[in-house]
Amino acid sequence: MSDTALRSADLPLGAADAVLNALPLPVIIVAADGRIVDANVAAENFFEASVLLLRRQMLRDLVPFGSPLLSLVEQVRHRGAAVNEYKVDLSTPRNPGDRLVDLHVAPLPERLDHVVVMLQERTIADKMDRQLTHRGAARSVSALAAMLAHEIKNPLSGIRGAAQLLEQSAGDDDRTLTRLICDEADRIVKLVDRMEVFSDERPVEREPVNIHVVLDHVKRLAQSGFARGIKFVEIYDPSLPPVFANRDQLVQVFLNLVKNAAESFGGATAESEIQLTTAFRPGVRLKLPGSKTRVSLPLEFCVRDNGPGVPDDLMPHLFDPFVTTKPTGSGLGLALVAKIIGDHGGIIECESQARHTVFRVLMPMFTGDGAGPTSA
Ligand SMILES: Nc1ncnc2c1ncn2[C@@H]1O[C@H](COP(=O)(O)OP(=O)(O)OP(=O)(O)O)[C@@H](O)[C@H]1O
Ligand SMILES: [Mg+2]
């Protein structure tokens with residue numbers, strides 16, 4: 001399609017074009033018949049073709065056969081509403097290699113039969129399958145956890161009992177030592193208890209849970225303890241439907257995330273702020289590993305902080321067990337969070353930079369028939 005045709009279609013050109021071309025993300029406009037009518041510079045780079053060449057092509061020529069992008073474009077044109085799709089592979093024989101992208105597809109306000117597609121290439125770290133990594137990590141500790149539970153807890157209770165007996169006849173100096181034995185034994189039991197959760201393969205008992213009640217409870221716990229004096233901001237969508245989950249486990253998840261946020265400040269200042277947000281995002285559909293269907297994960301819960309951010313080199317391993325930068329941390333917090341969210345059919349991801357770190361939990365919606373996740 002020529003420039004003249006574009007202008008007559010009243011598409012934003014001129015200033016809008018300059019803005020589009022300055023964007024680092026590939027953007028293309030697709031007409032009703034599937035023809036590409038415009039593309040920005042980033043799209044030219046992405047598809048390795050000039051805009052003139054692109055305008056002579058159909059969208060289906062650029063993407064793999066049967067690509068979800070094609071049905072998404074149709075869906076958007078049909079519904080007139082924007083849809084996102086995450087982790088779609090756009091590699092073709094002509095454009096091979098790792099081409100995992102997030103797709104943002106929206107109708108063009110002036111021309112509803114035209115559709116704008118924005119692609120967001122995933123970073124290398126992101127390309128590692130997040131859930132696979134997390135679930136694999138959780139599995140790798142599960143055998144170890146089961147062994148630890150049996151082999152360590154029993155002798156430990158013996159050691160603790162013996163220390164308590166000794167305490168009764170010990171002098172003051174020795175009593176400090178017996179106290180030390182008990183305290184350290186308690187610390188190991190606590191660690192083993194946390195590990196035990198990983199070996200628990202039983203299906204979780206779930207019920208419809210109001211996430212706002214959970215978040216309020218977590219906030220109260222935090223403010224009376226580790227997050228004393230830290231400012232909390234809550235941005236809730238009050239109409240959010242319930243999440244089909246195990247309430248206690250959800251408390252554990254958000255307690256861990258809020259605790260990490262609070263700890264990230266080092267010493268909290270007047271600026272330190274933790275934000276809890278909930279939102280409904282019906283456009284999000286994801287393909288889970290090992291399954292062909294895409295699940296809809298419309299419930300979004302975020303914990304944000306304005307601390308220093310997660311160190312870059314930690315990012316790819318963030319949800320692995322025993323990854324910690326804290327002198328007394330066990331590095332089990334986020335591994336546990338990932339395991340619980342995975343057991344609930346959801347996912348967790350993290351974006352982080354200085355003064356802006358967000359842990360985003362995406363969960364399926366409660367269908368009311370006890371079936372759990374809705375698939376699409
Ligand atoms: N909000 C955050 N801001 C900055 N870094 C974070 C944040 N959350 C997690 N991290 C980093 O990720 C690491 C792993 O977190 P995780 O909760 O798994 O373990 P931990 O907090 O170190 O120990 P534990 O939770 O067992 O007490 C932390 O040590 C920290 O370096
Ligand atoms: Mg932690």
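You'll find the structure just up there.
Anyway, here's the lowdown on the structure attached to this text. (Residues numbered from 1 in each chain as written. Chains lettered and ligands numbered in written order. Predicted model: local features only at pLDDT ≥ 70, side-chain atom pairs only at ≥ 80, totals over all residues.)

1. Here we look at the sheet that holds strand S14 (residues 356–363)
Okay, so step 1: Ordered by their spatial adjacency, five strands build an open sheet running S7-S9-S12-S14-S13, and the pairing between neighbours is mixed. Only two strands of the sheet have a single partner each, and these edge strands are strand S7 (231–235) and strand S13 (347–353). With strand direction ignored, the average angle separating the axes of adjacent strands in the sheet is 15 degrees.
Okay, so step 2: Sheet analysis places S13 next to S14, joined by seven bridges and oriented antiparallel. The residue of S14 that forms the bridge with Ile347 is Leu362. (Pairing = 2+ DSSP bridges. Helix = DSSP H or I, 4+ residues; strand = E, 2+ residues; numbered from the N terminus. Axes fitted to C-alpha atoms, helices over the stretch in contact; angles between N-to-C directions.)

2. Observations concerning the site of ligand 1
Okay, so step 1: By nearness alone, 22 residues border ligand 1, and Asn260, Thr324, Gly329, Gly333 and Leu334 come closest of all.
Okay, so step 2: Mapped onto the shell around ligand 1, the elements with two or more residues apiece are helix H11 (247–264) and helix H12 (333–343). (Near = placed C-beta within 6 Å.)

3. What to know about the environment of Gly331
Okay, so step 1: Tracing the backbone shows Gly331 in the loop between strand S12 (299–305) and H12.
Okay, so step 2: What makes Gly331 partly exposed here is the crowd of 15 C-beta atoms within 10 Å.
Okay, so step 3: Along the chain, Gly331 and Pro321 lie ten residues apart, while their C-alpha atoms are 5.7 Å from each other.
Okay, so step 4: Once residues within four sequence positions are removed from consideration, Gly331 is found in contact with Pro321, Phe322, Val323 and Thr324. (Buried ≥ 20, exposed ≤ 12 C-beta atoms within 10 Å, placed from the backbone. Contact = placed C-beta atoms within 7 Å.)

4. Considering the nonpolar core
Okay, so step 1: Phe254, Leu257, Val258, Val303, Val337 and Ile341 are the most contacted members of the largest nonpolar core, which has 43 residues in total.
Okay, so step 2: For this core, the element with the highest residue contribution is H11, accounting for eight residues.
Okay, so step 3: Beyond its immediate chain neighbours, meaning those up to four positions away, Ile341 contacts Val253, Gly346, Ile347, Ile348 and Val361.
Okay, so step 4: The next biggest cluster of nonpolar side chains, apart from the first, holds 31 residues, and it includes Ala39, Leu90, Val101 and Leu108. (Core = buried A, V, L, I, M, F, W, Y, C linked by C-beta atoms within 7 Å.)

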